[in-house]
Amino acid sequence: MFETRSGKMLDGLKVVDMTGVVFGPLATQIFADYGAEVVKVEGPGGDVLRHVMKPKEKPGMAAVFMALNRGKQSIMLDLRNPDDAEVMRGLLAEADVFIHNVRMEGMKRLGFDYEAVQSLNPGLIYVHCAGFGSAGRYAPLQAYDDIIQAASGTATLLPRVDGNPQPRFLPSLIADKVGGLSAVYATMAALIDRMRNGAGQFVEVPMFETFSKFMLQEHLNGHYYDPPNGPAGYQRQLDPDRQPCPTADGYITFLPNRMPQWQPIFEVLGDADYLIRHNLETDLEIRAAQPEIYKHVRTLTPAQTSDHWVTELRAVGVPCMAVRDLEDMVDDPHLADVGFFMTRTHPTEGDVRDIGEPCKFSDWTPTEPSPAPQLDEHGSAIRARLSKKDRS
């Protein structure tokens, strides 16, 4: 589609990454994908995510770890060791960004809180991936994805849909990933600000607040007004009948983006006079009756296969997709067209299926990232480079 230049869009940007699990590593992987030099600092034993694996996988290189840490260098440092702490100071002195998810009390004890690091490098962007904002009463608490889903009200969404009162988690590390994406845009904003005024700064990215904002954008709903004029929860998303519809061989989902699309839908489904029979003539009447409409639609869709309905509904301009099982995503033809998956050979783990950078640019094509590193794979080279720099 475009004639683009290859190379590293963020060439020259140096990131020191002292994060683990998902929140921080997702953020730094995005920087690495765009060409930043990312040095992953791991304590003895390494990032705990290295060891979350199936028994057949090799120790230290779990699939989720590899997916979140490609393109990075790894050095193992015990910051309680004076020599290792000195190596860390050398890394920070030349870095543009330092990002970590260690509690600030611990960083202060180690001598790597913001004030100490700023004295080494005044232009540094110091990013703290926190569980909770430091100004609030939850600040000292530990935070993980389950904890944030519970604290943010997210675990009560599925009960509002299906009537089962048991709170449940969304089956994704969604709070961690939203926090990671928030860390990327906050860090980039700070870097742009530094380009304008030359100063570094401290950036706090709290997972609880970033995820609460993400979820409440639509679910604050009636509580957006003060006093509230209705309940919390975006009803369209909470309608128990607005779910994938069964077909003869699976499920489909479709979403009329305009009320007039309902008439051709019923024509395709073989019940062309449904709206007339129920005196549904205006947008407001159709919108109010949507729970009943969805219930009726679900009685019609089992008559044909998913492919049949998808073909017919798309022909009348209705957005529609068959429901695909997670296991089948690697064979999605559109993802193949856009080069979403990339098969690479890892030097120690064999062939792996990586996910490329989805965003496309008219003037840049990403270079192939280096594979996820073994623990301390680059430690000797980094130490030697810093030592040589000190002598020069």
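Residues numbered from 1 in each chain as written. Predicted model: local features only at pLDDT ≥ 70, side-chain atom pairs only at ≥ 80, totals over all residues. Heavy atoms only, no water.

A. Region of interest: a negative patch on the surface. On the surface, Asp 325, Glu 327, Asp 328 and Asp 331 cluster together to form a negatively charged patch. Mapped onto the elements, Asp 331 comes out in the loop between β10 (320-322) and α16 (333-337). (Patch = residues over 30% accessible without salt bridge, like charges linked within 9 Å, V, L, I, M, F, W, Y side chains within 5 Å. Areas by Shrake-Rupley, 256 points an atom, 1.4 Å probe, with all protein chains shown as cover. Salt bridge = Lys/Arg side-chain N within 4 Å of Asp/Glu carboxyl O. Lys, Arg positive; Asp, Glu negative; His and termini not counted. Charge placed at Lys NZ, Arg CZ, Asp CG, Glu CD. Helix = DSSP H or I, 4+ residues; strand = E, 2+ residues; numbered from the N terminus.)

B. Here's a closer look at the side chain of Arg 344. Within the secondary structure, Arg 344 sits in strand β11 (residues 341-346). Polar contacts involving the side chain of Arg 344 include one to the side chain of Glu 368, which spans 3.3 Å. Not counting chain neighbours up to four residues away, the residues in contact with Arg 344 comprise Arg 70, Gly 350, Asp 351, Val 352, Asp 354, Glu 368 and Pro 369. (Polar contact = N/O pair within 3.5 Å; in protein donor to acceptor, adjacent residues only side chain to side chain. Contact = heavy atoms within 4.5 Å.)

C. Geometry of the nonpolar core. Grouped together as the largest cluster of nonpolar side chains are 45 residues, with contacts concentrated most on Ile 99 and Ile 148. Looking at which element gives the most residues to this core, the answer is helix α8 (residues 174-197), with seven residues. When residues no more than four places from it in sequence are discounted, the contact partners of Ile 148 are Gly 131, Phe 132, Ala 143, Ala 175, Met 207, Phe 208 and Phe 211. Core analysis: the next-biggest nonpolar cluster, separate from the first, contains 23 residues, Cys 245, Met 259, Trp 309 and Leu 313 among them. (Core = buried A, V, L, I, M, F, W, Y, C linked by side-chain atoms within 4.5 Å. Buried < 20%, exposed > 50% of the residue type's maximum accessible area, 1.4 Å probe, protein only.)

D. Structural context of the sheet that holds β10. Strand order across the open sheet formed by three strands is β8-β9-β10, with antiparallel pairing between neighbours. Since the sheet does not close on itself, it has two edges, and those belong to β8 (245-246) and β10, each with one partner. Two elements, β8 and strand β9 (residues 251-254), share two bridges in a ladder whose sense is antiparallel. Bridge pairing in β9 links Pro 246 to Tyr 251. (Pairing = 2+ DSSP bridges.)

E. Representation of unusual backbone geometry within the structure. Omega for the peptide link from Asp 226 to Pro 227 comes to 5°, which places this bond in the cis form. Note that Pro 227 resides in the loop between α9 (207-219) and α10 (235-238). Residue Asp 376 is not a glycine yet carries a positive backbone phi of 65°. Inspection of the secondary structure puts Asp 376 in the loop between β13 (365-366) and α17 (379-391).

F. Here's a closer look at the sheet that holds strand β6 (residues 125-130). Read across the open sheet, the six strands follow the order β4-β3-β2-β5-β6-β7; overall the sheet is parallel. Of all the strands in the sheet, just β4 (72-76) and β7 (201-206) have a single pairing partner and so form its edges. For this sheet the average axis-to-axis angle between neighbouring strands, irrespective of direction, equals 20°. In the packing of α8 onto the sheet, the strands contacted are β5 (97-100), β6 and β7, and the crossing angle to β7 comes to about 165°. (Axes fitted to C-alpha atoms, helices over the stretch in contact; angles between N-to-C directions.)

G. Structural context of the pattern of salt bridges. What the rule picks out here adds up to 19 salt bridges. Note that Asp 33 is salt-bridged to Arg 70, the shortest N-O span being 2.7 Å. On the criterion of sequence distance, the pair formed by Asp 33 in helix α1 (residues 23-33) and Arg 70 in the loop between α2 (63-68) and β4 is long-range, its members being 37 residues apart. Accessibility expressed as a relative area gives 9% for Asp 33, which makes it buried. Of the charged contacts, one joins Arg 89 and Glu 86 as a salt bridge, the two residues approaching to 3.1 Å between their closest N and O atoms. Of this pair, Arg 89 and Glu 86 are both found in helix α3 (residues 82-93), three residues apart, which corresponds to roughly one turn of the helix. The class of Arg 89 is partly exposed, set by a relative accessible area of 27%. A cluster of three or more residues bridged by salt bridges with shared partners is formed by Asp 33, Arg 70, Arg 344, Asp 354 and Glu 368.

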